[in-house]
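Spelled out, the chains give:
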Amino acid sequence: MIKITQKLKDKLWWMIISVDYDYSRITVADHELNEDVLTLWLEDKHDFKNSLEECLQVDITTKQFARIVRAENMNSYEGTKLHPKKNFIYKARIEINEPIKWYKEDASLIEQQWAREAVVKLLLTELVENEVADIEVW
């Protein structure tokens, strides 16, 4: 789901090794969202850095970030709707707002944090699963 360059893969593996494969130690030190990119600076919870230059910078396109928010159902909730013509009620996902707009305007601070953590989790999962799949091919 997230495209990872080889350079970023190498840096992520280095970070994973430096946290002794304890993924829960990897945290978002800071973040920035503009029109095109969500930038996350990652660091080890047990080795906080003095500046962002010392952290691992990860750039995710807003399009990929929007896909993650939508896939994790963060910008919607399960509710009931009334069919406009046939007058029956059915269960459906009700979207609060478009993913990026939801993140910027509707999400609470904790929901924004969850969205960023979901990106990190998915990024690490994608990395590990792809690398393991590549090794199994051999």
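Residues numbered from 1 in each chain as written. Predicted model: local features only at pLDDT ≥ 70, side-chain atom pairs only at ≥ 80, totals over all residues. Heavy atoms only, no water.

A.B. asks: Just checking my understanding: could you explain a nonpolar patch on the surface for this structure?
C.D. replies: Residues Ile-17, Tyr-21 and Tyr-23 make up a contiguous nonpolar surface patch of roughly 300 Å² in combined accessible area. Tracing the sequence through the fold places Tyr-23 in the loop between α1 (6–18) and β1 (26–33). Residue Tyr-23 is classed as partly exposed on the basis of its relative accessible area of 35%. (Patch = residues over 30% accessible without salt bridge, like charges linked within 9 Å, V, L, I, M, F, W, Y side chains within 5 Å. Areas by Shrake-Rupley, 256 points an atom, 1.4 Å probe, with all protein chains shown as cover. Salt bridge = Lys/Arg side-chain N within 4 Å of Asp/Glu carboxyl O. Helix = DSSP H or I, 4+ residues; strand = E, 2+ residues; numbered from the N terminus. Buried < 20%, exposed > 50% of the residue type's maximum accessible area, 1.4 Å probe, protein only.)

A.B. asks: It is not clear to me how the sheet that holds strand β3 (residues 56–61) should be interpreted in this structure. Could you clarify?
C.D. replies: Where strands meet in a sheet, backbone hydrogen bonds hold them as pairs that are either parallel or antiparallel. In space, the 3 strands of this open sheet follow the order β1-β2-β3, with antiparallel pairing throughout. Looking at which strands have only one partner, the edges of the open sheet turn out to be β1 and β3. Taken pair by pair, the neighbouring strands of this sheet meet at an average axis angle of 25 degrees, ignoring direction. As paired elements, β1 and strand β2 (residues 37–44) share 7 bridges and run antiparallel to each other. (Pairing = 2+ DSSP bridges. Axes fitted to C-alpha atoms, helices over the stretch in contact; angles between N-to-C directions.)

A.B. asks: Quick question: what am I supposed to make of the nonpolar core here?
C.D. replies: Proteins that are soluble and globular tend to have nonpolar side chains buried together. Within the largest apolar cluster, 32 residues are counted, with the highest numbers of intra-cluster contacts made by Ile-2, Leu-12, Ile-26, Leu-42, Phe-65 and Val-119. For this core, the secondary structure elements donating two or more residues are α1, β1, β2, β3, α2 (62–71), α3 (99–106) and α4 (109–137). At 8 residues, the largest contribution of residues to this core is made by α4. (Core = buried A, V, L, I, M, F, W, Y, C linked by side-chain atoms within 4.5 Å.)

A.B. asks: Where do I start with the pairing of strand β5 (residues 89–95) in this structure?
C.D. replies: On a regular strand, one side chain projects to one face of the sheet and the next to the other, so that they alternate. Of the strand pairs in this sheet, strand β4 (residues 76–82) and β5 are connected by 7 bridges, and their pairing is antiparallel. Pairing of Lys-81 across the sheet is with Tyr-90, part of β5. The antiparallel pairing of β4 with β5 creates a hairpin that spans 6 residues between the two strands, and Asn-87 there sits at a positive phi of about 55 degrees.

A.B. asks: It is not clear to me how the side chain of Thr-39 should be interpreted in this structure. Could you clarify?
C.D. replies: Position of Thr-39 relative to the elements: it lies in strand β2. Within the structure, the side chain of Thr-39 is placed 2.8 Å from the side chain of Asp-59, a separation counted as a polar contact. Aside from chain neighbours lying at most four places away, what touches Thr-39 is Asp-30, His-31, Glu-32, Gln-57, Val-58 and Asp-59. (Polar contact = N/O pair within 3.5 Å; in protein donor to acceptor, adjacent residues only side chain to side chain. Contact = heavy atoms within 4.5 Å.)

A.B. asks: Sorry if this is basic, but what is going on with the environment of Thr-61 here?
C.D. replies: By the secondary structure assignment, Thr-61 is in strand β3. Exposure remark for Thr-61: the relative accessible area of 37% places this residue in the partly exposed category. As a C-alpha pair, Thr-61 and Glu-32 span 29 residues in sequence and 12 Å in three-dimensional space. In this view, Thr-61 contacts Asp-36 and Val-37; residues no more than four positions away in its chain are not counted.

A.B. asks: I'm lost on the confidence of the model for the protein in this one. Help?
C.D. replies: For residues with low pLDDT, the predicted coordinates do not support detailed interpretation. Residues with a pLDDT of 70 or more make up 93% of the protein, whose mean pLDDT is 88. Averaged pLDDT values over the elements of the protein bottom out at 82 in α4 and peak at 94 in α3. (pLDDT = per-residue confidence, 0-100.)

A.B. asks: So what exactly am I meant to see when it comes to the packing of aromatic side chains here?
C.D. replies: Aromatic ring pairs are reported here in terms of the distance separating the ring centres and the angle at which the planes meet. Scanning the model with the defined rule gives 2 aromatic pairs in all. With a centroid separation of 5.1 Å and 85 degrees between ring planes, the pair formed by Phe-65 and Tyr-103 is classed as edge-to-face. Separated by 38 residues along the polypeptide, Phe-65 in helix α2 and Tyr-103 in helix α3 bring together distant segments of the chain. Each member of the pair, Phe-65 together with Tyr-103, is buried. (Phe/Tyr/Trp six-rings, centres within 6.5 Å; stacked < 30°, edge-to-face > 60°.)

A.B. asks: So what exactly am I meant to see when it comes to α2 here?
C.D. replies: Three or four residues apart is the spacing at which side chains of an α-helix point the same way, because the helix has 3.6 residues per turn. All of the buried residues in α2 are Thr-62, Gln-64, Phe-65, Ala-66, Ile-68 and Val-69. Immediately beyond the C-terminal end of α2, within one or two residues, lies Asn-73, with a positive phi of roughly 55 degrees.

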